[in-house]
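The chain contents come next:
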Amino acid sequence: DAGVIQSPRHEVTEMGQEVTLRCKPISGHDYLFWYRQTMMRGLELLIYFNNNVPIDDSGMPEDRFSAKMPNASFSTLKIQPSEPRDSAVYFCASSPVSQKLYGYTFGSGTRLTVV
Amino acid sequence: AQSVTQLDSQVPVFEEAPVELRCNYSSSVSVYLFWYVQYPNQGLQLLLKYLSGSTLVKGINGFEAEFNKSQTSFHLRKPSVHISDTAEYFCAVSGGNTPLVFGKGTRLSVIA
C-alpha cells in the first residue's frame with residue numbers, strides 16, 4: 001500500500017490566488033481528516049469525512065476554505081482567495097472505521113506558502 | 001471535549017541518555033491516548049497507543065509510555081536515545097469515535 005498520498009508537496013502562490021490541495025486516502029479507510037500545522041497553533045483539525053460525507057467542519061477557519069470528497073479515493077481542500085496567514089503545512093490523514101484501534105495514517109503534507 | 005498539554009516544547013538530551021516527554025490530558029469521558037513522531041519534512045507516524053488494560057504500553061523504536069489516570073498523564077519514555085530519535089513528538093487524545101486532538105508537540109534534540 002502506498003499510504004496516504006498528498007499533492008503537491010510544496011505550493012507557493014500569490015495572495016488572492018486559488019489553491020487546491022489533494023489527497024488520496026488508503027483504500028478501505030472510512031475516515032478522512034484534514035489538519036493544518038503551524039508553529040503558533042500546532043496541529044488543528046479543519047474538517048473530517050466519514051464515508052465521503054463531511055461530519056464536522058467547525059475547524060475550517062473561514063468561508064474561504066472548502067473541502068470535498070467526491071468519492072472514497074479522493075479529497076480536495078480549496079482556499080479561495082488565499083492570504084499570507086494561510087501559510088502552513090496541510091496534512092491529510094485516513095483511518096479505518098475503528099479509529100481508536102488503529103490510529104491515523106498521515107500523508108507527507110503540503111507546505112503552502114502564500115506571498 | 002478533550003485537550004492535551006505537552007509541558008515541554010523542546011527537550012535536548014545527550015545520546016544514550018534516558019528521556020521522558022511529558023503529556024497531560026483533560027477529558028470528561030474515557031480516553032484513548034496516542035503518541036506520534038514526526039521526522040523533518042514528513043507526516044506523523046504512530047509510535048504507540050493506549051486503549052485499555054495494562055497501563056504500560058510499549059511501542060516502536062524502544063519507546064514506552066505509562067497511562068496514569070489519577071494524574072491524567074501519559075508520559076513517553078526511552079531508556080537510551082539515539083541520534084536518529086531527533087524529531088518532534090506529539091501526544092494525542094480521543095474520546096472514542098471523536099477525532100484525535102493533538103498537543104503542540106515536543107521537539108527532541110539528541111546531542112552526540
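Structure shown above.
Residues numbered from 1 in each chain as written. Chains lettered and ligands numbered in written order. Predicted model: local features only at pLDDT ≥ 70, side-chain atom pairs only at ≥ 80, totals over all residues. Heavy atoms only, no water.

1. Some points on the layout of surface pockets
Of the pockets and cavities examined, the largest pocket occupies roughly 670 Å³. In terms of lining, the largest pocket is formed by 31 residues, of which the most central are Q37(A), M39(A), Q38(B), E88(B) and R107(B). Taken together, the elements giving at least two residues each to the lining of the largest pocket come down to strand 4 (31-38), strand 9 (88-95) and strand 11 (110-114) of chain A together with strand 10 (87-94) and strand 12 (106-111) of chain B. Here the residues of the lining of the largest pocket are counted per class, giving nine nonpolar, 16 polar and six charged. (1 Å grid on protein atoms, 1.4 Å probe; cavity = no way out; pocket = protein on both sides within 12 Å on 5 of 7 lines; lining within 4 Å. Points joined across faces, edges and corners; volume = space filled by probe spheres on them. Helix = DSSP H or I, 4+ residues; strand = E, 2+ residues; numbered from the N terminus. Nonpolar A, V, L, I, M, F, W, Y, C, P; charged D, E, K, R; others polar.)

2. So, the pairing of strand 11 of chain A
All names here are of chain A. Taking every second residue as pointing to the same face, the buried face of strand 11 carries T110, L112 and V114, while none of R111 and T113 on the other face is buried. Bridge count for strand 9 against strand 11 is three bridges, and the pairing is antiparallel. Along strand 11, the bridge assignment pairs Y90 with T110. (Buried < 20%, exposed > 50% of the residue type's maximum accessible area, 1.4 Å probe, protein only. Pairing = 2+ DSSP bridges.)

3. Structural notes on the side chain of Q6(B)
All names here are of chain B. As for its placement among the helices and strands, Q6 is situated in strand 1 (residues 3-6). Note on Q6: relative accessible area 11%, which makes it buried. Those residues in contact with Q6 that lie beyond four places of it in its chain are R22, W35, Y89, F90, C91, G103, K104, G105 and T106. (Contact = heavy atoms within 4.5 Å.)

4. Observations concerning unusual backbone geometry
Each neighbour pair has its own omega, and for S7(A) with P8(A) the value is -10°, a cis peptide bond. With respect to the secondary-structure elements, P8(A) resides in the loop between strand 1 (5-7) and strand 2 (10-13). Note the cis peptide between Q80(A) and P81(A), where omega equals -5°. Mapped onto the elements, P81(A) comes out in the loop between strand 8 (74-79) and strand 9. The residue N51(A) is not glycine, and still its phi comes out positive at about 50°. Of note, the phi angle at E16(B) is positive, near 75°, even though the residue is not glycine. Of note, E16(B) is situated in the loop between strand 2 (10-14) and strand 3 (19-21). Exposure remark for E16(B): the relative accessible area of 61% places this residue in the exposed category.

5. Let's talk about the sheet that holds strand 7 (residues 65-71) of chain A
Residue and element names in this part refer to chain A. What the four strands build is an open sheet, ordered 1-3-8-7; its pairing is antiparallel. Of all strands in the sheet, those with a lone pairing partner are strand 1 and strand 7, marking the two edges. The sheet shows a mean angle of 15° between the axes of neighbouring strands, taken without regard to direction. Direction of pairing for strand 3 (residues 19-24) relative to strand 8: antiparallel, over a ladder of five bridges. Looking at the pairing, V19 lines up with I79 of strand 8. (Axes fitted to C-alpha atoms, helices over the stretch in contact; angles between N-to-C directions.)

6. Here's the deal with the pattern of salt bridges
All names here are of chain A. A complete count under the given rule lists 14 salt bridges over all chains for this structure. Between R36 and E44 there is a salt bridge, with the nearest N and O atoms lying 3.3 Å from each other. On the basis of relative accessible area, E44 is assigned to the buried category, the value being 16%. Across the pair E83 and R85 runs a salt bridge whose closest N-O atoms are separated by 2.6 Å. (Salt bridge = Lys/Arg side-chain N within 4 Å of Asp/Glu carboxyl O.)

7. A look at the pairing of strand 2 of chain B
Residues and elements named next belong to chain B. Here strand 2 shows one buried face, formed by V11 and V13, and one open face, formed by Q10, P12 and F14. Inspection of the sheet shows strand 2 paired to strand 12 by five bridges, in the parallel sense. Looking at strand 12, one finds that V11 is bridged to L108.

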